[in-house]
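Working through the structure, step by step
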Amino acid sequence: MSDCLFCKIITGEIPSTKVYEDETVFAFRDINPQAPTHVLVVPKVHIADSNGVSAENSAVVAHSFEVIPKIAQAEGLTGGYRVVSNCGADAGQTVQHLHFHVLGGKTLNLEMA
Ligand code: AMP
Ligand code: ZN
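Bear in mind the structure is a predicted one, so any value in this text is a computation, not a measurement.

Helix and strand counts for the protein stand at two helices and five strands. Taken against the 2.2 N^0.38 rule, which gives 13 Å for 113 residues, the C-alpha radius of gyration of the protein at 14 Å falls within 12% of a compact globule. With respect to the principal axes defined by its C-alpha atoms, the protein has extents near 35 × 30 × 25 Å. Expressed as a percentage of contacts within the protein between residues at least 6 apart in sequence, the contacts between residues at least 24 apart total 55%. As displayed, the protein has an accessible area near 6700 Å², and 52% of this comes from carbon and sulfur atoms.

Dropping the structure here:
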């Protein structure tokens, strides 16, 4: 998608602090971190949100969740971490490209809403 912020980060058109990349996913530090570690894991294929996940593209989601523990280990998140994906306005999604927030490095509060 030509007008998508995360597509532009994936191509390098917009700079980011990359922490991991392979042929399927790109991961970088959130510009407004909500925890000591706040990494965004982004499938390279443009999927707007979790409503756009289908049998045809769900392998990139599975792969994202294979990568997330590797990132957590590299970040030293031995005490655990949280994975969050916002979908739509009520969840506060601000970038319409599917992504997984990986949060850790402190005891996270338990509020879910
Ligand atoms: P969401 O609100 O779930 O759509 O998450 C979007 C996230 O992208 C937010 O946590 C933002 O802080 C983050 N973000 C926005 N622009 C950038 C950027 N240029 N580089 C890194 N993170 C960004
Ligand atoms: Zn995109």
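The next subject is the pattern of salt bridges. Inspection of the entire model under this criterion finds four salt bridges. Here Glu-21 ties to Lys-18 by a salt bridge, and the two come within 2.7 Å at their closest N and O atoms. On the basis of relative accessibility, which here comes to 47%, the residue Lys-18 falls in the partly exposed class. Between Glu-21 and Lys-44 there is a salt bridge, with the nearest N and O atoms lying 2.8 Å from each other.

Each regular strand displays side chains that alternate between the two surfaces of the sheet. Counting buried positions along strand 3 (residues 37–43) yields seven of seven residues, so the element is predominantly enclosed. Residue alternation in strand 3 divides its side chains into two sets, Thr-37, Val-39, Val-41 and Pro-43 and His-38, Leu-40 and Val-42, and both sets are buried. Alignment of strand 3 against strand 5 (residues 100–104), held across five bridges, turns out to be antiparallel. Bridge pairing in strand 5 links Thr-37 to Gly-104.

The next subject is the environment of Gly-76. Residue placement: Gly-76 occurs in the loop between helix 2 (59–74) and strand 4 (81–84). Spatially, the C-alpha atoms of Gly-76 and Thr-11 are 27 Å apart, while their sequence positions differ by 65 residues.

Okay, the nonpolar core next. Val-39, Val-41, Ile-71, Phe-100 and Val-102 are the most contacted members of the largest nonpolar core, which totals 15 residues. Among the secondary structure elements, those contributing two or more residues to this core are strand 2 (25–29), strand 3, helix 2 and strand 5. Take this core: its biggest share by element is six residues, from helix 2. Beyond its immediate chain neighbours, meaning those up to four positions away, Val-41 contacts Phe-26, Ala-27, Ser-64, Ile-68, Ile-71, His-99, Phe-100 and Val-102. In this structure, Ile-10, Phe-26, Phe-28 and Leu-40 belong to the second largest nonpolar core, which totals 10 residues.

The rules behind each value
- Residues numbered from 1 in each chain as written.
- Chains lettered and ligands numbered in written order.
- Predicted model: local features only at pLDDT ≥ 70, side-chain atom pairs only at ≥ 80, totals over all residues.
- Heavy atoms only, no water.
- Helix = DSSP H or I, 4+ residues; strand = E, 2+ residues; numbered from the N terminus.
- Rg over C-alpha atoms; globule rule 2.2 N^0.38 Å.
- Contact = heavy atoms within 4.5 Å.
- Areas by Shrake-Rupley, 256 points an atom, 1.4 Å probe, with all protein chains shown as cover.
- Salt bridge = Lys/Arg side-chain N within 4 Å of Asp/Glu carboxyl O.
- Buried < 20%, exposed > 50% of the residue type's maximum accessible area, 1.4 Å probe, protein only.
- Pairing = 2+ DSSP bridges.
- Core = buried A, V, L, I, M, F, W, Y, C linked by side-chain atoms within 4.5 Å.

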